[in-house]
Amino acid sequence: MRILLLTHSFNSLSQRLWLELKACGHEVSVELDIADSVAEEAVALWQPEVIVAPFLKRAIPASIWSRHVCLIVHPGIVGDRGPSSLDWAIQQGVAEWGVTVLQANAVMDGGDIWSAQTFAMRDAKKSSIYRGEVADAAVRGVLEALAHYPDYIGGTWTPTPSNEFETAVRGTERPFIKQAQRAIDWQHDDTATVLRKLNAADGCPGVKDMLFGQPCHLFDARADTGYRGAAGEVLGRCGDALLRATTDGAVWIGHVGRLEHDPAFKLPAAVAFAPESAQLPELERAVPGEIRYEEHGSVGFLHFDFYNGAMSTGQCLRLREAYINAVKQPTRVLVLMGGEDFWSNGIHLNRIEAADSPADESMRNIEAMDDLALEILRTTGKLTVAVMQGNAGAGGCFLALAADQVWARQAVVLNPHYKNMGNLYGSEYWTYLLPARVGKERAQAIMQNRLPIPAAGAVQEGLIDACFDDAPTDFRARVKRMALELATAPDYGRRLADKCARRACDEARKPLANYRAEELGEMRRNFYGFDPSYHYARHHFVYKIPHAFTPRHLAVHRELPLPVGERMTKRLNQRQVSPGGY
Ligand code: COA
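Presented here is a report on the structure given in the accompanying data block. These figures come from a predicted structure and were not determined experimentally. (Residues numbered from 1 in each chain as written. Predicted model: local features only at pLDDT ≥ 70, side-chain atom pairs only at ≥ 80, totals over all residues. Heavy atoms only, no water.)

This part covers the packing of helix H12 (residues 358–377) against helix H20 (residues 533–542). Two elements in contact, H12 and H20, have axes whose closest approach is 11 Å; the angle formed by their N-to-C orientations is 90°. On the basis of the axis angle, H12 is roughly perpendicular to H20. Side by side, H12 and H20 meet where Pro-358, Ala-359 and Ser-362 of the first sit next to Tyr-534, His-535 and Arg-538 of the second. For the contact of H12 with H20, the class distribution of residues is 3 nonpolar, 2 polar and 1 charged. (Axes fitted to C-alpha atoms, helices over the stretch in contact; angles between N-to-C directions. Helix = DSSP H or I, 4+ residues; strand = E, 2+ residues; numbered from the N terminus. Parallel < 35°, antiparallel > 145°, perpendicular 65-115°, else oblique. Contact = heavy atoms within 4.5 Å. Nonpolar A, V, L, I, M, F, W, Y, C, P; charged D, E, K, R; others polar.)

Okay, structure coming up:
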């Protein structure tokens, strides 16, 4: 089928659907929802049989839904309506939630139902549930809806009006959730309530609050049962996180957005409030921190759960130190687990943006990433495995390739390219690692195309080694089993010897230092050179400035001529040129 994905941004859910639809053999083009006239133009160009809308912030115009089947992916159960579905569900602690695929009509979220999927809720951030359970349910729902399409066209199947749809639990229309409804009452809310409120607003918009007498938005909360204090009081810090007392315990606040800045621009809490945090006592964490090491038999597992997968200079240095210590342990396999939501998304663009000299901080950060990748690459005493529980982007992908093997969950989406960030050249030894896995030509294409790649596709082309269609907990259990098998495999010694020999041979052919020097030479031009594209693109990315137009590599329909008689008066070339290097 010919499908148009109409979406506010090409976010994780849209990427996942784009990949799944293409894997089913559909022809898919993407249009970012910028203006009605632009969407109308995209429809006229692409002539889709179905329009799928995974993530919209406004209604589809009647000029489109009255003439085309438009399937809206709504992150709520049957009957639920409104723009804050998931936020309400998390804040109210519902046990089960869902995704409904409904046909756009004049009533926002009120159209007839093509598919309704449910899932058990988890205590987690909204963004984590969105990328996990919601994305899985959306894929199931959209595929089921599209399977109905031929019968719908043939007149033998019709979608069910929402009020007639049989369902055990029915939602209602709920308004946009306001900050007043998210507000934490520190004198009365217990830890569970505080966590629910913070999770319901994470990744955006956070909960508006005060720290050190200054307004800010709070993000990235974890409960702690080890400390008590006067409710609402900031008790201390650990690294960059601040501990704040609740009525029955405390919560760690990892990130904040300063109101006078832009609350959507998040920084680690102790960085955003540096002078105030410096006065606080340094506490020990009673909950696991960002970096954690554990051993099972002859396998070490190094977890690094960095918020949003972004890795600052300091985090890279700390992780490298933890890696070096883990390598010293008498294990045979070292598994790099990343975080539950992301493996890694490369250098920390927010920390860079906030630095006195973003160019200098970019350089420091990429050097620290490279040092970490180098440490992994030159590990000779044991086998290493990178395990992608969640998505990986840009330098984060290549960091994983530095390990001997890469295993992923099947739902993982990889973005192994840098160019979307203002034509960034990239480092992390990608010029060594990528061609070695997929060949020179394909490496070049991956870098130029800058498209997401599904885990299964990545396995097929040798970019990673294996992927498994497991739920997250099953995947972790499988990884543990497989790593133990690898450590005790009869050919373990041969594998280790082979990898050392291969590395030595590669080093003799071209030293890693040369790859690094070449890559960093290009990066220096990105950071300090005449063309400021990277700095513009980073600024736009961290401040979430919407695209002015759909990147051409996604909008396949823009390569087609307009059908005669449907030429729009508004021409593409009237639009603003993106500073992001597209
Ligand atoms: N630095 C800082 N923050 C980052 C980040 C990075 N490298 N990568 C992602 N994030 C943040 C996003 O700003 C977003 O923040 P939010 O919680 O305020 O919404 C969050 O992580 C999730 O990112 P999002 O873009 O919504 O996720 P996605 O799954 O839709 O897209 C990527 C994934 C990887 C395509 C996209 O995040 C991306 O392009 N990241 C930048 C990668 C990069 O260029 N790194 C630098 C070069 S190594």
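With that settled, consider the site of the ligand. Of all residues adjacent to the ligand, which total 22 residues, the nearest are Ser-12, Lys-266, Asn-308, Ile-347 and Leu-349. In this structure, a nitrogen atom belonging to the ligand sits 3.0 Å away from a main-chain N or O atom of Asn-345. Between the ligand and the protein, one listed contact pairs an oxygen atom with a side-chain N or O atom of Lys-544 at 3.0 Å. The protein chains hide 86% of the 850 Å² of surface that the ligand would expose on its own. In terms of residue class, the shell around the ligand is built from 8 nonpolar, 11 polar and 3 charged. Here the shell around the ligand spans two domains, and each of domain 1 (2–164) and domain 3 (291–470 + 492–523) adds at least three residues to it. (Near = heavy atom within 4 Å. Polar contact = N/O pair within 3.5 Å; in protein donor to acceptor, adjacent residues only side chain to side chain. Areas by Shrake-Rupley, 256 points an atom, 1.4 Å probe, with all protein chains shown as cover. Domains from an automatic or database assignment.)

The strands making up a sheet are joined through hydrogen bonds of the backbone, oriented either antiparallel or parallel. Read from one edge to the other, the open sheet built from 4 strands follows the order S16-S18-S20-S21, with strand pairing classed as mixed. At either margin of the open sheet sits one strand with a lone partner, and together these are strand S16 (342–344) and strand S21 (453–454). Along the sheet, helix H1 (residues 12–23) contacts strand S18 (391–393), strand S20 (413–415) and S21; its crossing angle with S20, the most-contacted strand, is approximately 105°. (Pairing = 2+ DSSP bridges.)

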